[in-house]
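# What the coordinates show
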Amino acid sequence: LARLLVAKADVATGEPAAALPELAQALGLARLLEDRIAEAGTLQLTGEAHLALQQPEKAAQALAEAVERARAVKAPARTIEALTALARAERRLGKPEDARSRVEEALLLIETLRTQETDPDLRASFLAAQRAAFELEIDLLMELDRRQPGKGYAGEALEVSERAHARSLLDLLQE
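Now for a look at the structure at hand. (Residues numbered from 1 in each chain as written. Predicted model: local features only at pLDDT ≥ 70, side-chain atom pairs only at ≥ 80, totals over all residues. Heavy atoms only, no water.)

## Brief notes about the nonpolar core
Spelled out, the test is: Working definition of a nonpolar core: buried Ala, Val, Leu, Ile, Met, Phe, Trp, Tyr and Cys residues. They are joined through side-chain atoms within 4.5 Å. Think of it in three bands: residues with accessible area under 20% of the maximum for their type are buried, residues over 50% are exposed, and the middle band is partly exposed, with areas taken using a 1.4 Å probe on protein chains only. Numbering goes from the N terminus for both helices and strands, where a helix is a DSSP run of H or I of at least four residues and a strand is a run of E of at least two. For this analysis, residues touch if any pair of their heavy atoms sits within 4.5 Å.
Ranked by size, the top nonpolar core spans 32 residues in total, and within it Leu 63, Ala 89, Val 103, Ile 110 and Phe 134 carry the most contacts. Elements supplying a minimum of two residues to this core: helix 3 (36-52), helix 4 (56-72), helix 5 (76-92), helix 6 (96-116), helix 8 (131-147) and helix 9 (153-174). What Ala 89 contacts, discounting residues up to four positions off in sequence, is Leu 51, Pro 56, Ala 59, Ala 60 and Leu 63. Core analysis: the second largest hydrophobic core is formed by seven residues, Ala 7, Val 11, Ala 19 and Leu 45 among them.

Here it is as structure tokens:
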């Protein structure tokens, strides 16, 4: 856990290269202890470090494995984070359609979790924390619209934006 926290601090402070050795050791320990949740988190942070280092291929590999591990242990919140990060990696690889399918899967999980949460405060904060997935979906749709004008992607982006705002407003009203 300490190695993972050091690595997280390294990535957050703009030192992703310094995080990689810590992450490699943390991953080894997680696998040794058969802690699949820690393994998923470590793989996700490894992918994010590679993204920060402009290494989207390595990032996509680590993040795909993180998604797989998170699904295996049925950790939907971790799966959402890993899918969103994987979508960012695929976008950098020039695969906006693949990225979009990943972020759409993340958004479906977000909606599922949101409806299961009965406390309005927790539901609103959960949705706010997942705003990154909505913003990425909008950015991807706008990128697709620039590449393929007239295919309706701009309209879809507007719909996603309005859906995100409507969910937030609904949660606030329920409070």
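Still more to cover.
## With respect to the packing of helix 4 against helix 5
In plain terms, the rule: Fitting a line to C-alpha atoms yields each axis, with helices limited to the stretch in contact; the angle taken between N-to-C directions then spans 0 to 180 degrees. Should an angle fall under 35 degrees it is taken as roughly parallel, and over 145 as roughly antiparallel, whereas 65 to 115 is taken as roughly perpendicular and any remaining angle as oblique. Definitions for this section: a left-handed crossing has its near helix turned counterclockwise from the far helix by less than a right angle. A right-handed crossing has that turn clockwise. Residue polarity follows a fixed list, in which Ala, Val, Leu, Ile, Met, Phe, Trp, Tyr, Cys and Pro are nonpolar, Asp, Glu, Lys and Arg are charged, and the others, Gly among them, are polar.
Contact geometry of helix 4 with helix 5 gives a least axis separation of 8 Å together with a crossing angle of 160 degrees. Viewed along their axes, helix 4 and helix 5 adopt a mutual orientation that is roughly antiparallel. Viewed along their axes, helix 4 and helix 5 form a crossing whose handedness is left-handed. Mapping the contact onto sequence places Pro 56, Ala 59, Ala 60, Leu 63, Ala 64, Ala 66, Val 67, Ala 70 and Arg 71 in helix 4 and Arg 78, Thr 79, Ala 82, Leu 83, Ala 85, Leu 86, Ala 89 and Arg 92 in helix 5. Here the residues of the contact of helix 4 with helix 5 sort into 13 nonpolar, one polar and three charged.

## A few points about the environment of Leu 63
With respect to the secondary-structure elements, Leu 63 resides in helix 4. Apart from residues no more than four positions distant in its own chain, Leu 63 is found in contact with Leu 43, Gln 44, Gly 47, Leu 51, Ala 82, Ala 85, Leu 86 and Ala 89.

## A closer look at the pattern of salt bridges
It is possible for side chains of opposite charge to pair when their charged atoms get near one another. Test applied: Salt bridges, as used here, are contacts in which a Lys or Arg side-chain nitrogen is within 4 Å of a carboxyl oxygen on Asp or Glu.
All chains considered together, the criterion is met by 17 salt bridges. In this structure, Glu 39 engages Arg 69 in a salt bridge whose closest nitrogen and oxygen atoms are separated by 2.8 Å. Taken as a pair, Glu 39 in helix 3 and Arg 69 in helix 4 lie far apart in primary sequence, 30 residues in all. Of the two residues, Glu 39 and Arg 69, both sit in the buried class. With a closest N to O distance of 3.9 Å, Arg 88 and Glu 48 form a salt bridge. Pair noted here: Arg 88 is in helix 5 and Glu 48 is in helix 3, with a separation of 40 residues, a long-range link. For Arg 88, a relative accessible area of 33% translates into the label partly exposed. What makes Glu 48 partly exposed here is its relative accessible area of 23%.

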